[in-house]
2 protein chains.
Amino acid sequence: MELKETEKRLLEAVSKVVEEEGFTKIGINRIARQAQCDKVLIYRYFGGLDGLLVAWAKRYDFYSFAYSEFSNQVIQAKSSNLREIIKKVLLKQLEYLKENQLMQELYIWELSGNSSFRVIQIEREKSGHKLQQELEKRLNGQCVDCKFYITVIIAAINYIVLFTRQYNMFNGIDFSQSETWNKLEKIISDYVDMFFEVKSNVNIKSNKQ
Amino acid sequence: MELKETEKRLLEAVSKVVEEEGFTKIGINRIARQAQCDKVLIYRYFGGLDGLLVAWAKRYDFYSFAYSEFSNQVIQAKSSNLREIIKKVLLKQLEYLKENQLMQELYIWELSGNSSFRVIQIEREKSGHKLQQELEKRLNGQCVDCKFYITVIIAAINYIVLFTRQYNMFNGIDFSQSETWNKLEKIISDYVDMFFEVKSNVNIKSNKQ
DNA sequence: TATATTTGTCACCAAATAGTGACACAGATA
DNA sequence: TATCTGTGTCACTATTTGGTGACAAATATA
């Protein structure tokens, strides 16, 4: 189904307001002003602010987009070197989030517990779960706790990006320097190597590689 | 200098509003209502909302409190088993943040980029840096990248706690179950073991232990 | 042609927001 | 006694917020 001109304008207005003022400032009036249309149309077309936000998140669909990109990498790649795939996926997540300001706002919004996003969260979780399952299939029980190890890294990536968006220093480290980010990538890569080696040594003695 | 009765009431009102409604709802009127005093007193005593918030954060001083507790553990402990100290510090951070709802709100507030908290952030960073330096002194160049490895774990802890405050599932893992948290503790502990072993093997061949 | 329905404009509401000026009353100081 | 200063109350502004009902024009349908 095609979107009306005004609906598109409203959805774009959401992006603009979020980009310019952050998610805290979001409101019916503010968005209507940005879209240069009457706020009553938000109620008519989307049933209110919550409906508009859900429609917005679904349309731009950051979550699925991000995860599907990762999934593709996982699925396409030959299962030969799973370790490298995981590294790629994690570093891609870092790069993607770091560059995508709108997605950062969305993540913080999500953390702040806005009720509108419960619905979105379920969708997001599905995408995430699909990726996890795909990974697990490949791992084939090799690395039982992989899921956890990876999740910890993803959480770290998210937090560091969100935090350093506002502040240069985190935990005594200066993230305003690009070398720090290179270092971080190396650390992530190292961590993957570590749990891969430790775990695979324990669980399957010797591997093909 | 002693605090006036009304000033105390105002500071406590901030805590209550944050606890009950989260940081997004904070405002002059809302706080004055909670403290049952006139909002004009906020302007008189603190120069406005920002001043009040800064005073609040300084008084309750979560950051320094948390970090000083950690520092004490690091300083008191004999340097014999540094690895265990780091584990303790990290697990303590997890436990502390998980239990302290007010601190969670503060962290999210911080992430959201409220301008009032730039000042606080500098104080916080000092405490964090002190701990890092203490650690580095003990490490004595043994583990060059320790700082980074630890920072990644801390970031992960923060994100997971903040996220699961709102949602049960993160990345396909169900954090509503207490076993999951036990597992997480184990994973963190494992990670510390990993980078300790890998790094110390590389950098100093054989260790006392 | 006549009748609905969609699409949008406008005026209004009650409530909440941040912020200010005036004033009343206390206790301390001259 | 008279004055000054800290403390608090009250009333008022202007703006913004979310939300609703009435109405005009355009479009589609009969």
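Treat the numbers as computed from the prediction; the structure is a model and nothing was measured.

## Quick look at the packing of helix 1 (residues 5-21) of chain A against helix 7 (residues 101-112) of chain A
Residue and element names in this part refer to chain A. Two elements in contact, helix 1 and helix 7, have axes whose closest approach is 10 Å; the angle formed by their N-to-C orientations is 80 degrees. Judged on the interaxial angle alone, helix 7 and helix 1 are roughly perpendicular. From helix 1, S15, V18 and E19 reach across to helix 7, where they touch Q101, L102, E105 and W109. Its residues assigned to classes, the contact of helix 1 with helix 7 comprises three nonpolar, two polar and two charged.

## Comments concerning empty space enclosed by the protein
In this structure the tally under the stated criterion is five cavities of 30 Å³ or more. By volume, the largest cavity amounts to about 70 Å³. Residue lining of the largest cavity: N171(A), Y67(B), I86(B), V89(B), L90(B), L131(B), Q132(B), L135(B), I150(B) and I154(B), and that is the complete set. Looking at the lining of the largest cavity, the elements with two or more residues in it are helix 6 (82-99), helix 8 (117-139) and helix 9 (146-164) of chain B. The residue inventory of the lining of the largest cavity, partitioned by class, reads eight nonpolar, two polar and no charged. Estimated volume of the second largest cavity: approximately 50 Å³. Together, I86(A), V89(A), L90(A), L131(A), Q132(A), L135(A), I150(A), I154(A) and N171(B) line the second largest cavity.

## Regarding the UniProt feature "DNA-binding region" (unreviewed entry) in chain A
On the UniProt side, "DNA-binding region" (unreviewed entry) is annotated at positions that read residues 27-46 of chain A here. Summarising residues 27-46 of chain A: 75% helix, 0% strand, and an end-to-end C-alpha distance of 14 Å.

## Description of the protein's contact with DNA strand C
Neighbouring residues of DNA strand C: 14 residues in total, closest T6(A), R44(A), Y45(A), R33(B) and K39(B). When atoms of DNA strand C within 4 Å of the protein are sorted by moiety, sugar and phosphate together comprise 47%. Between DNA strand C and the protein, one listed contact pairs a phosphate oxygen with a side-chain N or O atom of T6(A) at 2.4 Å. Between DNA strand C and I28(B), the relevant distance is 3.1 Å, taken from a phosphate oxygen to a main-chain nitrogen or oxygen of the residue. Counting residues per element, the ones that place at least two in the surface near DNA strand C are helix 3 (40-46) of chain A together with helix 2 (28-35) and helix 3 (40-46) of chain B.

## Observations regarding the interface of chain B and chain A
Residue-level contacts link 50 residues of chain B with 50 residues of chain A. When the two sides are added together, the surface that chain B and chain A hide from each other amounts to roughly 4,900 Å², 66% of it contributed by carbon and sulfur. Where chain B touches chain A, the interface holds two salt bridges. One salt bridge in this structure joins D145(B) and K183(A), with 2.8 Å as the shortest N-O distance. Across the chain B-chain A interface, the total number found is 14 residue pairs in polar contact (both at pLDDT 80 or more). Of all the elements in the fold, those that place two or more residues in the side of chain B that touches chain A are helix 7 (101-112), helix 8, helix 9, strand 1 (169-170) and helix 10 (178-204) of chain B. Examining the composition of the side of chain B that touches chain A, we find that 14 residues originate from one element, helix 9 of chain B, more than from any other.

## Looking at the protein's contact with DNA strand D
By nearness alone, 14 residues border DNA strand D, and R33(A), K39(A), T6(B), R44(B) and Y45(B) come closest of all. A breakdown of the atoms of DNA strand D within 4 Å of the protein gives sugar and phosphate a share of 48%. For DNA strand D, a phosphate oxygen lies 2.6 Å from a polar atom in the side chain of R33(A). A distance of 2.8 Å separates a phosphate oxygen of DNA strand D from a polar side-chain atom of Y43(A). Contributing elements (two or more residues each) for the surface near DNA strand D: helix 2 (28-35) and helix 3 of chain A together with helix 3 of chain B. The greatest single-element share of the surface near DNA strand D, amounting to four residues, is contributed by helix 3 of chain B.

Procedures and definitions
- Residues numbered from 1 in each chain as written.
- Chains lettered and ligands numbered in written order.
- Predicted model: local features only at pLDDT ≥ 70, side-chain atom pairs only at ≥ 80, totals over all residues.
- Heavy atoms only, no water.
- Axes fitted to C-alpha atoms, helices over the stretch in contact; angles between N-to-C directions.
- Helix = DSSP H or I, 4+ residues; strand = E, 2+ residues; numbered from the N terminus.
- Parallel < 35°, antiparallel > 145°, perpendicular 65-115°, else oblique.
- Contact = heavy atoms within 4.5 Å.
- Nonpolar A, V, L, I, M, F, W, Y, C, P; charged D, E, K, R; others polar.
- 1 Å grid on protein atoms, 1.4 Å probe; cavity = no way out; pocket = protein on both sides within 12 Å on 5 of 7 lines; lining within 4 Å.
- Points joined across faces, edges and corners; volume = space filled by probe spheres on them.
- UniProt positions renumbered as here; feature names shortened; annotations may be inferred.
- Near = heavy atom within 4 Å.
- Polar contact = N/O pair within 3.5 Å; in protein donor to acceptor, adjacent residues only side chain to side chain.
- Buried area = accessible area lost by both parts, 1.4 Å probe.
- Salt bridge = Lys/Arg side-chain N within 4 Å of Asp/Glu carboxyl O.

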